[in-house]
Amino acid sequence: LDGVNLPAQSSVNQIAVDCMHLLFPGFFEETALTKNAAARHVAHLLAQLDKRLETEVEKCLRFAKDSGAPSDAREVTTKILGQLPALREIIQTDVAAAYRGDPAARSIEEIILAYPCVLVISLQRFAHEIYRLGVPLLPRMLTEYAHERTGCDLHPGARIGTHFFIDHATGVVVGETTTIGDHVKICQGVTLGAKSFETDS
């Protein structure tokens, strides 16, 4: 009350959805997407995400105005969206790792549409870029969207290499200080991070 306008959960959830649509054009649409319509469709999604992301980033930066966080929401948003092409390339390695790492997988399409690791890893990678730029609140809210849907909790501060696969993606926790190299596969029920910290006396 009488404080800053905090980021809206429903808007952040829509950012997560739009991000997945941009990372995988044509996979999550209600109607088929043609090659001729793809560029227009992506441009529309990008403009939609740009506007919503800038609004929520601005709220987060206002919340942290005295903490050394950046102050220009427009500049931060542009930097975040500028990382999408590179993120798409890395996330393609994650999809490939899931396909190679699970003998039950029947197709790349099945991996993208039905494997929870794709959602949770993709959103962690997107949130990690926001985290690196010093934006508070929003990165955790994005990864929590994936956590709620998959039971897999990847902190946006974790550094994760290419070709990452989480089999089943249930009950996995990856903490903020975790560093994961390239070509890593982990299974359900794994925690990477500190179990407890000694208290100062």
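Residues numbered from 1 in each chain as written. Predicted model: local features only at pLDDT ≥ 70, side-chain atom pairs only at ≥ 80, totals over all residues. Heavy atoms only, no water.

A few points about the packing of aromatic side chains
Here is step 1 of the chain: Summed over all chains, the structure comprises 2 aromatic pairs.
Here is step 2 of the chain: Taken together, a centroid distance of 6.2 Å and an interplanar angle of 80° make the contact between Phe-24 and Phe-27 edge-to-face.
Here is step 3 of the chain: Phe-24 sits in the buried class, given a relative accessible area of 6%.
Here is step 4 of the chain: Exposure remark for Phe-27: the relative accessible area of 28% places this residue in the partly exposed category.
Here is step 5 of the chain: Aromatic pair Phe-24 and Phe-28: ring centres 6.2 Å apart, planes at 85°, arrangement edge-to-face.
Here is step 6 of the chain: The lysine or arginine in question, Arg-149, covers the ring of Tyr-145, its NZ or CZ lying 3.6 Å from the ring centre. (Phe/Tyr/Trp six-rings, centres within 6.5 Å; stacked < 30°, edge-to-face > 60°. Buried < 20%, exposed > 50% of the residue type's maximum accessible area, 1.4 Å probe, protein only. Lys NZ or Arg CZ within 6 Å of the ring centre and 35° of its normal.)

Side note on the sheet that holds strand β1 (residues 153–154)
Here is step 1 of the chain: Read across the sheet, 3 strands follow the order β1-β4-β7 without closing on themselves; strand pairing throughout is parallel. In this open sheet, the two strands that pair with only one neighbour each are β1 and β7 (191–192).
Here is step 2 of the chain: Inspection of the sheet shows β1 paired to strand β4 (residues 173–174) by 2 bridges, in the parallel sense. Across the sheet, the residue bridging to Leu-154 is Val-174, located in β4. (Pairing = 2+ DSSP bridges. Helix = DSSP H or I, 4+ residues; strand = E, 2+ residues; numbered from the N terminus.)

Considering the packing of helix α4 (residues 84–101) against helix α6 (residues 116–132)
Here is step 1 of the chain: Where α4 meets α6, the axes come as close as 10 Å, and the angle between the chain directions of the two elements is 150°. By the criterion of interaxial angle, the relationship of α4 to α6 is roughly antiparallel. The crossing of α4 and α6 is right-handed. Taking contact as the criterion, the partners of Leu-84, Leu-87, Ile-90, Ile-91, Asp-94, Val-95 and Ala-98 in α4 are, on α6, Cys-117, Val-118, Ile-121, Ser-122, Arg-125, Phe-126 and Glu-129.
Here is step 2 of the chain: Partitioning the contact of α4 with α6 into residue classes produces 10 nonpolar, 1 polar and 3 charged. (Axes fitted to C-alpha atoms, helices over the stretch in contact; angles between N-to-C directions. Parallel < 35°, antiparallel > 145°, perpendicular 65-115°, else oblique. Left-handed = near helix turned anticlockwise from the far one by under 90°. Contact = heavy atoms within 4.5 Å. Nonpolar A, V, L, I, M, F, W, Y, C, P; charged D, E, K, R; others polar.)

Section: the nonpolar core
Here is step 1 of the chain: In terms of nonpolar packing, the biggest core is built from 57 residues, with Val-57, Cys-117, Phe-126, Leu-138, Leu-142, Leu-154 and Ile-166 touching the most fellow members.
Here is step 2 of the chain: Elements supplying a minimum of two residues to this core: α1 (9–23), α2 (35–63), α3 (73–82), α4, α5 (108–114), α6, α7 (138–150) and β3 (165–166).
Here is step 3 of the chain: A total of 9 residues in this core trace back to one element, the largest contributor, which is α6.
Here is step 4 of the chain: The contact partners of Cys-117, leaving out residues within four places of it in the chain, are Ala-98, Ser-122, Phe-165, Ile-166 and Ala-169. (Core = buried A, V, L, I, M, F, W, Y, C linked by side-chain atoms within 4.5 Å.)

What to know about the side chain of Asp-102
Here is step 1 of the chain: In this fold, Asp-102 is placed in the loop between α4 and α5.
Here is step 2 of the chain: Despite its burial, Asp-102 pairs with no opposite charge, the nearest such side chain being Lys-185 at 6.7 Å.
Here is step 3 of the chain: There is a polar contact of 2.9 Å between the side chain of Asp-102 and the backbone nitrogen of Ala-104.
Here is step 4 of the chain: A distance of 2.8 Å separates a polar atom in the side chain of Asp-102 from a polar atom in the side chain of Tyr-115.
Here is step 5 of the chain: In contact with Asp-102, not counting residues within four places along its chain, are Tyr-115, Phe-165 and Asp-167. (Lys, Arg positive; Asp, Glu negative; His and termini not counted. Salt bridge = Lys/Arg side-chain N within 4 Å of Asp/Glu carboxyl O. Polar contact = N/O pair within 3.5 Å; in protein donor to acceptor, adjacent residues only side chain to side chain.)

Points about α2
Here is step 1 of the chain: Helix length check: α2, at 29 residues, gives a terminal C-alpha distance of 42 Å against a target of 42 Å (1.5 Å per residue), a fit within 8%.
Here is step 2 of the chain: Listed as buried for α2 are Ala-37, His-41, Leu-45, Leu-49, Leu-53, Glu-56, Val-57, Lys-59, Cys-60 and Leu-61.
Here is step 3 of the chain: Here the buried face of α2 lies against α1, α3, α4, α6 and α7. (Expected span 1.5 Å × (residues − 1).)

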